[in-house]
Amino acid sequence: MSTDQLYSHFHPDEHRFVDKAAEWVERAGQHQVKLTDFLDPRQAFILTTLVNRSQDVQVRFDGGHEQSERRRALIAPDYRTLEEEDMGIVLISVTSLDDKLKDLDHSDYMGSILALGMKRDKIGDIHVSDHGCHFLVAAEVADYMRLNLQQVHRVHVQTEVLPLEKLNATGTKLEEIGLSVASMRLDGIVSDVYHLSRAKILTPIKAGRCKVNWKQEEDPSKPLKTGDVVSLQGFGRFKVLEVEGVTKKGRFRVKIGKYV
């Protein structure tokens with residue numbers, strides 16, 4: 001398959017990652033091994049697609065626990081045994097004696113981590129509880145993170161490295177809301193979820209700041225369906241949990257879960 005044919009399957013903004021992933025696969029075919037940073041589910045799908053086109057290359061994904069959303073990939077020749085390979089994932093625990101810790105959420109921890117100059121690609125899943133946070137990082141930046149993460153949203157914190165088996169995977173917390181919408185269009189549902197006018201929603205969508213299932217989506221009229229995960233840069237993300245039916249006036253009753 002030519003590069004143009006390959007590109008036709010992916011959004012133009014994904015072509016740069018497609019190029020990188022294709023190079024990793026090509027080098028694995030030449031007996032080289034590549035451990036990637038953390039990939040989101042869309043990137044993992046693209047990489048898997050490319051690996052499946054090559055008969056002599058394999059890939060292993062690992063994010064530190066079985067239900068990981070963000071995972072590192074190990075791409076290698078097919079004769080390598082990957083199960084015993086070190087995936088370079090470290091678990092960091094964040095705690096505090098400050099009672100305000102229980103008021104912190106995922107975005108607070110993420111903001112403080114990125115404020116240290118850390119790339120998102122080096123950070124895996126973040127698990128928040130009332131007692132603090134467990135998050136997964138690439139081993140090469142673990143010491144820097146542990147030494148420099150001293151404050152989260154004005155709360156002073158302590159950090160320590162724990163064995164991966166000590167991970168407290170809190171699961172995803174969703175705040176459920178019910179909507180009545182005229183259609184399942186992306187712009188209409190996003191505007192209702194975030195209480196923004198339809199006009200204000202169009203700009204970020206057309207500017208490429210919205211993703212559906214981790215894939216950039218610039219078409220405001222794209223219909224959403226049950227299970228779709230939508231993120232809007234600066235506002236967070238939500239999941240379409242259920243389309244509960246249609247009212248007598250022809251409006252859709254939709255159950256949404258906002259990530260908290």
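One can find the structure itself at the top, above this paragraph.
Residues numbered from 1 in each chain as written. Predicted model: local features only at pLDDT ≥ 70, side-chain atom pairs only at ≥ 80, totals over all residues. Heavy atoms only, no water.

Caption draft 1: Fine view of the side chain of T36. Relative to the helices and strands, T36 is located in strand β1 (residues 34-39). Classification of T36 as buried rests on a relative accessible area of 1%. Ignoring any residue separated from it by four or fewer positions in sequence, one finds T36 in contact with W24, R72, A73 and I75. (Helix = DSSP H or I, 4+ residues; strand = E, 2+ residues; numbered from the N terminus. Buried < 20%, exposed > 50% of the residue type's maximum accessible area, 1.4 Å probe, protein only. Contact = heavy atoms within 4.5 Å.)

Caption draft 2: Region of the structure containing the packing of helix α6 (residues 186-193) against helix α7 (residues 198-206). Interhelical geometry of α6 versus α7 gives an angle of 115 degrees and a closest axis separation of 9 Å. Taken together, α6 and α7 sit at an angle that is classed as roughly perpendicular. At the point where α6 passes α7, the crossing takes the right-handed sense. Residue-level inspection shows L186, D187, G188, V190 and S191 of α6 in contact with α7, the latter providing R198, I201, L202 and I205. (Axes fitted to C-alpha atoms, helices over the stretch in contact; angles between N-to-C directions. Parallel < 35°, antiparallel > 145°, perpendicular 65-115°, else oblique. Left-handed = near helix turned anticlockwise from the far one by under 90°.)

Caption draft 3: Representation of unusual backbone geometry in the model. You will see that H195, though not glycine, has its phi angle at about 55 degrees, which is positive. Structurally, H195 is set in the loop between α6 and α7.

Caption draft 4: Broad picture of the packing of aromatic side chains. Per the counting criterion, the structure on display carries three aromatic pairs. Ring centres 5.8 Å apart and planes at 80 degrees place the aromatic pair F17 and W24 in the edge-to-face group. Both rings, one in Y194 and one in F235, keep their centres 5.6 Å apart while their planes meet at 45 degrees; by these two values the pair is tilted. You can see Y194 sitting in the loop between α6 and α7 and its partner F235 sitting in the loop between β13 (229-232) and β14 (236-246), a full 41 residues away along the chain. Classification of F235 as partly exposed rests on a relative accessible area of 44%. Counting every residue linked through ring pairs, the aromatic cluster contains Y194, F235 and F238. For R72, the ring lying beneath its charged end belongs to F38, and the centroid distance is 5.9 Å. (Phe/Tyr/Trp six-rings, centres within 6.5 Å; stacked < 30°, edge-to-face > 60°. Lys NZ or Arg CZ within 6 Å of the ring centre and 35° of its normal.)

Caption draft 5: The packing of helix α2 (residues 15-28) against helix α3 (residues 41-52), seen in detail. Look at α2 against α3: their axes get within 9 Å of each other, and the N-to-C directions meet at 45 degrees. Taken together, the axes of α2 and α3 are oblique relative to one another. The chirality of how α2 crosses α3 is right-handed. Contacts from F17, V18, A21, A22, W24 and V25 in α2 reach Q43, I46, L47, L50 and V51 in α3. Classifying every residue of the contact of α2 with α3 by side-chain character gives ten nonpolar, one polar and no charged. (Nonpolar A, V, L, I, M, F, W, Y, C, P; charged D, E, K, R; others polar.)

Caption draft 6: Expanded view of α6. In terms of burial, α6 is largely enclosed, as seven of its eight residues are buried. For α6, the set of buried residues is L186, D187, G188, I189, V190, S191 and V193. Its buried side turned inward, α6 meets β10 (174-181), α7, β11 (210-212), β13, β14 and β15 (252-259). Looking one or two residues beyond α6, the residue adopting positive phi is H195, at roughly 55 degrees.

Caption draft 7: Geometry of the sheet that holds strand β4 (residues 89-95). Here four strands make up an open sheet; going across it, the order is β5-β6-β4-β9 and the pairing antiparallel. Each end of this open sheet is capped by a strand with a single partner; those strands are β5 (123-129) and β9 (158-162). Ignoring strand direction, the axes of neighbouring strands in this sheet form an average angle of 20 degrees. By the bridge criterion, five bridges tie β4 to β9 in an arrangement that is antiparallel. Across the sheet, residue I92 finds its bridge partner in β9, namely V161. Contacting β4, β5 and β6 (132-138), helix α4 (residues 106-114) runs over the sheet at an angle of about 135 degrees to β5. Across the face of the sheet, helix α5 (residues 139-148) comes into contact with β4, β6 and β9 while running at roughly 140 degrees to β6. (Pairing = 2+ DSSP bridges.)

Caption draft 8: Focus on the nonpolar core. Residues Y109, I113, I126, F135, V137 and M145 are the most contacted members of the largest nonpolar core, which totals 32 residues. Looking at this core, the elements that each hand over two or more residues are β3 (71-77), β4, α4, β5, β6 and α5. The next biggest cluster of nonpolar side chains, apart from the first, holds 19 residues, and it includes Y194, L224, F238 and I256. (Core = buried A, V, L, I, M, F, W, Y, C linked by side-chain atoms within 4.5 Å.)

Caption draft 9: Seen up close, the pattern of salt bridges. Across all of its chains, the model carries 15 salt bridges by this definition. Across the pair D187 and R185 runs a salt bridge whose closest N-O atoms are separated by 2.9 Å. Residue D187 is classed as buried on the basis of its relative accessible area of 2%. Residue R185 is classed as partly exposed on the basis of its relative accessible area of 33%. (Salt bridge = Lys/Arg side-chain N within 4 Å of Asp/Glu carboxyl O.)

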